[in-house]
There are 2 protein chains.
Amino acid sequence: MDVQDFFPVWAQLTPQQQKILTQSAIRRSIPKGTTLHSGSTECTGLLLVCSGQLRAFILSDEGREITLYRLFERDICLFSASCMLRSMQFEIMIAAEKDTELFVIPADVYQSVARESAPAANFTTEIMAGRFSEVMWLMEQIMWKSFDRRLARFLLDESALEGTAVLHLTHETIANHLGTAREVVTRMLRYFQSEGLVRLSRGAVELSNHSGLEVLADA
Amino acid sequence: MDVQDFFPVWAQLTPQQQKILTQSAIRRSIPKGTTLHSGSTECTGLLLVCSGQLRAFILSDEGREITLYRLFERDICLFSASCMLRSMQFEIMIAAEKDTELFVIPADVYQSVARESAPAANFTTEIMAGRFSEVMWLMEQIMWKSFDRRLARFLLDESALEGTAVLHLTHETIANHLGTAREVVTRMLRYFQSEGLVRLSRGAVELSNHSGLEVLADA
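Here's a quick rundown of the structure. Values in this document were obtained by computation on a predicted structure and should not be read as measured data.

The two copies are related by a screw motion: chain A maps onto chain B through a turn of 180° and a shift of 0.0 Å along the axis, at an RMSD of 0.1 Å. Both copies of the chain, as the preceding transformation shows, are related through a two-fold rotation axis. Considering only C-alpha atoms, the part of chain A nearest the rotation axis is Ala118 of chain A, at 1.9 Å. When the interface residues of chain A are mapped onto chain B, 100% of them again lie at the interface, so the same face is used by both copies.

Here you go:
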């Protein structure tokens, strides 16, 4: 993948702007487990995901996490370049969940292009609107869906993402994704097991009744 | 206030763009209590608040509400024009909490200007980043602050906003603001009263120990 593949507005940029973006982009290979960006560190830049998987999450003072959204192939991470936005005043963490290939475009370079180019600036707005929508969806889940439904949905989504019915996830990890405590996850998974929805073994959760989980998730 | 007072980038717009925005803006007086925009209705347009107060909130299927943020004099409401953003896929409600004077700029007019003008498009991104930051703050409150702290913070904010220590709010209204049930609010307010933090009377909550509430809110 090339830098231009990430920008639907590429043809509306000037040759000079295209050149600036292409030449400033740095290709990087990020091993699974790496924290790419944390709210407190300097401005990492725009991340263009060529392959792999990134996770955006927030972190409480006590170390609790909530997954906000995932970034996949062809996705652009804007919030790792949040220094270019004066009004962006929250701290986000970005970590590689799989080995990831990506381009980094320095924030000041991207900003210089967006400052001149209405198509680039409008594209930036669209990216942000998409992430905002995902976060609003999550907030509605948190506020208005009971935890059994959220957990069922999470297991189904992970299963689809990994292409397997056996998820190698600890209860601690699931708790971090869902912003809750390990005990809450353990209790609910045991309930799911008693209902025949999952089978639990050391470090793994097997989805044994996919349609049952679907019914619960959509309840 | 004039339309130009809302746009810090006004001087960077062309005379033609300035004229389009000025001429398309419709001045409206909105009585307190009016719902200006609901996710399901058509695209209301960009709202420029001259005076008064708007509330942005989301609404569950069961009719529960959560206040996302308030808009005051000089604020711009972007989400009432969300039809101009393909990626904006959540439903927001906007209501007048006080008698409000505002300008409405039709979404298609604003979009036509932003499409041509990089300063206008970048300004749009900044507005969205600001609202996004407010919503992320709220999410952290919901996830990680216990309800006593959230309620204390809410009472203090309302008191500052209204310029009075006596808030004329029902428990039901407070519950809607905080996305919880009336019983939860009533229980916590009684606890606050027993701690000498507030005094309760029919339809009103008086803040009797401001600094005590501050300590709790920041705990």
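As a further point, take the interface of chain A and chain B. Interface extent is often summarised as the accessible area lost during association of the parts. Across the boundary between the two partners, chain A contributes 41 residues, which contact 41 residues of chain B. The contact between chain A and chain B buries some 3,500 Å² in all, and 73% of this surface belongs to carbon and sulfur atoms. Between the two partners, chain A and chain B, sit zero salt bridges. Counting across the chain A and chain B interface gives nine residue pairs in polar contact (both at pLDDT 80 or more).

Below, the discussion takes up the sheet that holds strand β9 (residues 166-167) of chain B. Neighbouring strands of a sheet are bound in pairs by backbone hydrogen bonds; such pairs are parallel or else antiparallel. Residues and elements named next belong to chain B. Read from one edge to the other, the open sheet built from three strands follows the order β9-β11-β10, with strand pairing classed as antiparallel. The strands lining the two open edges of the sheet, one partner per strand, are β9 and β10 (198-201). Relative to strand β11 (residues 204-207), β9 is paired through two bridges, and the arrangement is antiparallel. Directly across from Leu167, in β11, lies its bridge partner Val205.

Right, let's get into the packing of helix α4 (residues 147-162) of chain A against helix α6 (residues 182-194) of chain A. All names here are of chain A. Close contact between α4 and α6 brings their axes to 11 Å; oriented N to C, the two are set at 80°. In terms of their interaxial angle, α4 and α6 are classed as roughly perpendicular. On the side of α4, the interface is formed by Phe147, Asp148, Leu151, Ala152 and Leu155, while α6 contributes Val184, Val185, Met188, Leu189 and Phe192.

What follows deals with the pairing of strand β4 (residues 54-59) of chain B. Residues and elements named next belong to chain B. The element β4 is extensively covered by neighbouring structure, given that five of its six residues are classed as buried. Sheet topology note: the β4/strand β5 (residues 65-71) ladder contains six bridges and is antiparallel. By the bridge assignment for β5, Arg55 is matched with Arg70. Between β4 and β5, which pair antiparallel one after the other, the connecting turn spans five residues, and Gly63 there sits at a positive phi close to 90°. Here β4 runs beside strand β7 (residues 93-96); their pairing, made up of four bridges, is antiparallel.

The space that makes up the largest pocket amounts to roughly 650 Å³. If you trace the largest pocket, you find 25 residues lining it, with Arg86 and Ser87 of chain A together with Asn122, Phe123 and Glu126 of chain B closest to the centre. Residue assignment for the lining of the largest pocket shows that the elements contributing at least two residues are α2 (107-116) of chain A together with α3 (118-144) of chain B. Here the lining of the largest pocket is composed, by residue class, of 13 nonpolar, six polar and six charged.

With that settled, the discussion passes to helix α7 (residues 210-217) of chain B. All names here are of chain B. Those residues of α7 not exposed but buried are Gly212, Leu213, Leu216 and Ala217. Buried residues along α7 cover an arc of 135° about the axis, so they all sit on one side. Along its buried surface, α7 packs onto α4 (147-162), α6 (182-194), β10 and β11.

Moving on to the state of the cysteines. Formally, a disulfide is one covalent bond, and it connects the sulfur atom of one cysteine to the sulfur atom of another. Residue and element names in this part refer to chain A. Under the definition given, this model contains two disulfides over all chains. Covalently, Cys43 is tied to Cys83 through a disulfide, its sulfur atoms 1.7 Å apart. One disulfide, between Cys43 and Cys83, carries an S-S torsion of -85° and so falls in the left-handed class. Here the residue Cys43 occupies a position in the loop between β2 (35-37) and β3 (46-51), and Cys83 occupies one in the loop between β6 (76-77) and β7 (93-96), the gap between them amounting to 40 residues.

The next subject is the nonpolar core. Formed by 112 residues in total, the largest nonpolar core has its most connected members in Phe7, Ile105 and Tyr110 of chain A together with Phe7, Ile105 and Tyr110 of chain B. Those residues in contact with Phe7 of chain A that sit more than four places away from it in its chain are Leu46, Leu48, Ile76, Ile105, Tyr110 and Phe123 of chain A.

Turning our eyes to something else, we now look at the packing of aromatic side chains. Summed over the entire model, instances satisfying the criterion amount to 13 aromatic pairs over all chains. With 6.0 Å between their ring centres and 35° between their planes, Phe7 of chain B and Trp10 of chain B make a pair best called tilted. In this structure an aromatic cluster arises from ring pairing among Phe7, Trp10, Tyr110 and Phe123 of chain A.

Right, let's get into the sheet that holds strand β5 (residues 65-71) of chain A. Residues and elements named next belong to chain A. With antiparallel pairing, the four strands of this open sheet are ordered in space as β2-β7-β4-β5. In this open sheet, the two edge strands, each paired with only one partner strand, are β2 and β5. For this sheet, the mean inter-axis angle between neighbouring strands, taken without regard to orientation, is 35°.

Residue and element names in this part refer to chain A. Counted by the stated rule, this structure contains 23 salt bridges over all chains. Between Asp218 and Arg153 there is a salt bridge; the shortest N-O distance is 3.0 Å. Of this pair, Asp218 sits in the segment after α7 (210-217) while Arg153 sits in helix α4, placing them 65 residues apart in sequence. Judged by relative accessible area, Asp218 falls into the exposed class, the value being 55%. Notably, a salt bridge pairs Arg199 with Glu206, separated by 3.3 Å at the nearest N-O pair. Members of the salt-bridge network, linked through shared partners, are Arg55, Glu65, Arg70, Glu97 and Glu158.

Each value, and the rule that gives it
- Residues numbered from 1 in each chain as written.
- Chains lettered and ligands numbered in written order.
- Predicted model: local features only at pLDDT ≥ 70, side-chain atom pairs only at ≥ 80, totals over all residues.
- Heavy atoms only, no water.
- Least-squares fit on C-alpha atoms with pLDDT ≥ 70 in both.
- Contact = heavy atoms within 4.5 Å.
- Buried area = accessible area lost by both parts, 1.4 Å probe.
- Salt bridge = Lys/Arg side-chain N within 4 Å of Asp/Glu carboxyl O.
- Polar contact = N/O pair within 3.5 Å; in protein donor to acceptor, adjacent residues only side chain to side chain.
- Pairing = 2+ DSSP bridges.
- Helix = DSSP H or I, 4+ residues; strand = E, 2+ residues; numbered from the N terminus.
- Axes fitted to C-alpha atoms, helices over the stretch in contact; angles between N-to-C directions.
- Parallel < 35°, antiparallel > 145°, perpendicular 65-115°, else oblique.
- Buried < 20%, exposed > 50% of the residue type's maximum accessible area, 1.4 Å probe, protein only.
- 1 Å grid on protein atoms, 1.4 Å probe; cavity = no way out; pocket = protein on both sides within 12 Å on 5 of 7 lines; lining within 4 Å.
- Points joined across faces, edges and corners; volume = space filled by probe spheres on them.
- Nonpolar A, V, L, I, M, F, W, Y, C, P; charged D, E, K, R; others polar.
- Arc of directions from axis to C-beta.
- Disulfide = S-S within 2.5 Å.
- Core = buried A, V, L, I, M, F, W, Y, C linked by side-chain atoms within 4.5 Å.
- Phe/Tyr/Trp six-rings, centres within 6.5 Å; stacked < 30°, edge-to-face > 60°.

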